[in-house]
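Here is how the chains run, residue by residue.
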Amino acid sequence: MVTDEKYMQRCIDLARSGMGSVSPNPMVGAVVVMDSVIIGEGYHHKYGEAHAEVNAINQVFSNFSDAAELLDQSTLYVSLEPCAHYGKTPPCADLIIKHRIPRVVVGCRDPFEQVNGKGIEKLREAGIEVITGVLEKECQWLNRRFFTRVQKHRPYIILKWAQTADGFFAPDDNSQHWITGTESRRLVHQWRAEEDAILVGKNTAAIDNPQLNVRYAPGRSPKRVVIDRRLELNKSLNLFDQSVETLIFNEIRTDIEGKNKYIALEDFDRYVPQYILFQLYLQDIQSVIIEGGAYTLNSFIEAGLWDEARIFTGKINFRKGIRAPLISGAAEEFLIGTDILRILVNR
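Computed from a prediction, not measured in an experiment: that's the story for all the values here.

Asker: What's the story with the sheet that holds strand β12 (residues 260-264) in this structure? I'm lost.
Answerer: Each strand in a sheet pairs with another by means of backbone hydrogen bonds, the pair being arranged parallel or else antiparallel. Spatial ordering of the open sheet is given by β11-β12-β10-β9-β8-β13-β6-β14-β17-β16, a layout of 10 strands whose pairing is mixed. Edge positions in the sheet fall to β11 (255-257) and β16 (331-336), since each of these pairs with one other strand and no more. Neighbour-to-neighbour, the strand axes of the sheet open up by a mean angle of 20 degrees, direction not taken into account.

If you want it as structure tokens, here you go:
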């Protein structure tokens, strides 16, 4: 129904407000509707805190003295199946049943094993009418990071790089040159605030000495990840400044020094991307942006381990240097300042 889609779209819009704050939980929005009027709405604000359904129902009680009677005649819209298990918070399905909400519209099922259909089943067994699959693809896309982690046991992987108009990634003399403009750099920092971690290889860390934080956008800085096989990086680099939790993948030691965690991989000659992603999964990291260098990006591309690629192309030419990675797929293009941004999705 068109009406159901309208309210589900509102759920999706609300859910996005939790971006960067709820991982490893999914982003969820909920709306309570009575006689075609929204009487309560909410979203999951922060990991470990109240879920969207709780916040939406609480808003009804805050706004109306006869909230119990209104809920008894309302429809609850929620972008993801209500949970049916005890986690950080009690089951939302029980709350819906308690308040005798007669109709629930769900965007998509929750793939998490302890939920996956159980919330819907519990509501139906209580006599509640449950409609599923409203804007299902849009709801799944909203939580593609969560779905990837649950179903593939790895983080959602975003490749990001900038290249010159003539297809080069960097000069071959280790010098530093900005390829993109200010608008693109601000956008990248906004992206960083939305993801759990950001990964670079040893050469990028040594040559660029990046901070890998959020300076040009609001939000929290992601965890940092660096691949340093033989632990050759200088400890004075920004990566080791203890400002953010930093994971250092190597073949020598596993240890913790403040916020710096050294993780030794079993084999540094084969399956390095796979080993790294599994370790990030174990660390509850739901998404990672891989920012370079070219060798690191290519290793994930060759392994087929990527979900999105975000590629900026600037106007300058290098004429020689390190070639940018090659990747194929249907792309959307956007103009960011004077740069062209292509976004590819690995289907």
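Asker: Explain the side chain of R103 to me, please; I cannot follow it from the model alone.
Answerer: Summarising the element assignment, R103 is placed in strand β4 (residues 103-108). One polar contact links R103 to D4, side chain to side chain, over a distance of 3.1 Å.

Asker: It is not clear to me how the pattern of salt bridges should be interpreted in this structure. Could you clarify?
Answerer: A pair can form between side chains of opposite charge whenever their charged atoms are brought close. Applying the stated criterion across every chain, the model contains 24 salt bridges. The partner of R220 in a salt bridge is D196, and the shortest N-O contact between them spans 3.6 Å. Here R220 is found in the loop between α9 (202-208) and β9 (223-227), whereas its partner D196 is found in the loop between α8 (182-194) and β8 (197-201), with 24 residues between them in sequence. Note on R220: relative accessible area 31%, which makes it partly exposed.

Asker: Explanation requested: the state of the cysteines in the structure shown.
Answerer: A disulfide bridge is the covalent bond that connects two cysteines by way of their sulfur atoms. Evaluation of the coordinates by the stated rule reveals 0 disulfides. For C108, which is in no disulfide, the shortest distance to another cysteine sulfur is to C139 and amounts to 5.1 Å.

Asker: Would you explain the pairing of strand β6 (residues 156-163) in this entry?
Answerer: Every other side chain in a regular strand lies on the same face of the sheet, so the side chains alternate between the two faces. Of all the 8 residues making up β6, 8 are buried; the element is thus mostly covered by neighbouring parts of the structure. Of the two faces of β6, both are covered, the one formed by Y156, I158, K160 and A162 as well as the one formed by I157, L159, W161 and Q163. Sheet topology note: the β6/strand β14 (residues 308-313) ladder contains 6 bridges and is parallel. Across the sheet, residue I158 finds its bridge partner in β14, namely E308.

The rules behind each value
- Residues numbered from 1 in each chain as written.
- Predicted model: local features only at pLDDT ≥ 70, side-chain atom pairs only at ≥ 80, totals over all residues.
- Heavy atoms only, no water.
- Pairing = 2+ DSSP bridges.
- Helix = DSSP H or I, 4+ residues; strand = E, 2+ residues; numbered from the N terminus.
- Axes fitted to C-alpha atoms, helices over the stretch in contact; angles between N-to-C directions.
- Polar contact = N/O pair within 3.5 Å; in protein donor to acceptor, adjacent residues only side chain to side chain.
- Salt bridge = Lys/Arg side-chain N within 4 Å of Asp/Glu carboxyl O.
- Buried < 20%, exposed > 50% of the residue type's maximum accessible area, 1.4 Å probe, protein only.
- Disulfide = S-S within 2.5 Å.

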